[in-house]
Amino acid sequence: DAMVIQNPRYQVTQFGKPVTLSCSQTLNHNVMYWYQQKSSQAPKLLFHYYDKDFNNEADTPDNFQSRRPNTSFCFLDIRSPGLGDAAMYLCATSKATGETYEQYFGPGTRLTVT
Amino acid sequence: KQEVTQIPAALSVPEGENLVLNCSFTDSAIYNLQWFRQDPGKGLTSLLLIQSSQREQTSGRLNASLDKSSGRSTLYIAASQPGDSATYLCAVEDGNKLVFGAGTILRVKS
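Predicted model, so just to flag it, every value in this text is computed and none were measured.

Caption draft 1: Representation of the overall build of chain A in the model. The number of helices and strands found in chain A is zero helices and 11 strands. Walking chain A from its N terminus toward its C terminus, one meets helices and strands in the order β-β-β-β-β-β-β-β-β-β-β. Expected size for 114 residues packed as a compact globule is a radius of gyration near 13 Å; at 13 Å, chain A falls within 12% of this value. Projected onto its principal axes, the C-alpha positions of chain A cover 45 × 35 × 30 Å.

Caption draft 2: Main features of the overall build of chain B. When helices and strands are tallied, chain B shows zero helices and 11 strands. Here the C-alpha atoms of chain B give a radius of gyration of 13 Å, agreeing with the 13 Å that 2.2 N^0.38 yields for 110 residues. Counting only C-alpha atoms, chain B reaches 40 × 25 × 20 Å along its principal axes. By the burial criterion, 45% of the 110 residues in chain B qualify as buried. Carbon together with sulfur atoms contributes 46% to the accessible area of chain B, which is approximately 5,100 Å² in total. Here chain B holds 10 positive side-chain charges and 10 negative ones, and the gap between their average locations is 4 Å.

Caption draft 3: Structural view of the confidence of the model for chain A. Scored by pLDDT, chain A has a mean of 93; 95% of the residues are at 70 or more. Per-element confidence in chain A ranges from a low mean pLDDT of 92 for strand E10 (residues 104–105) of chain A to a high of 98 for strand E8 (residues 73–78) of chain A.

The rules behind these values
Residues numbered from 1 in each chain as written. Chains lettered and ligands numbered in written order. Predicted model: local features only at pLDDT ≥ 70, side-chain atom pairs only at ≥ 80, totals over all residues. Heavy atoms only, no water. Helix = DSSP H or I, 4+ residues; strand = E, 2+ residues; numbered from the N terminus. Rg over C-alpha atoms; globule rule 2.2 N^0.38 Å. Buried < 20%, exposed > 50% of the residue type's maximum accessible area, 1.4 Å probe, protein only. Areas by Shrake-Rupley, 256 points an atom, 1.4 Å probe, with all protein chains shown as cover. Lys, Arg positive; Asp, Glu negative; His and termini not counted. Charge placed at Lys NZ, Arg CZ, Asp CG, Glu CD. pLDDT = per-residue confidence, 0-100.

This is the structure we're talking about:
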């Protein structure tokens, strides 16, 4: 009963080579999030979609882009990965109900940059 | 800007012990607070969500409390087991996004 699915689970890319991470959900939630988590650090929100509306965090580098072609899927594109972009990337979803946005997370994609 | 702090950063206890993990936040105007568990190299599993109007939530051996006015939450784990070993993260909902603490690494020794 996978609810938030991320592919691949592990991704190795070369310095400067574009990479795309995928997230899909079976919960029919209208909000989807992408977080970056570096080793021993708190997850950091990169951006989120509220329905089709894209919301970028102020300190998210331009190197990071996202697409949401439909309710179920959301992609994270890293245009030119640097060594500092090696991290766990977490996708989450929530259903906007009143003031409560309980978030459900996927298993993450571990990105290595060589 | 909301900031979340978790104390202690790491904790090691013998099996069977009751323990408390602490979380504090700087802005009390939150909608809810979530506690998560993260196993090494894995994603986050939601343990408990406390809405701003609630004082506590319980699930099995876990009990989470929330004191908005003082900006604090605690996660109480009863009768700890080796399988409880993981990183526990606290997050507050700030608008429609979560602000996380850095987590407490828990090790329960058998």
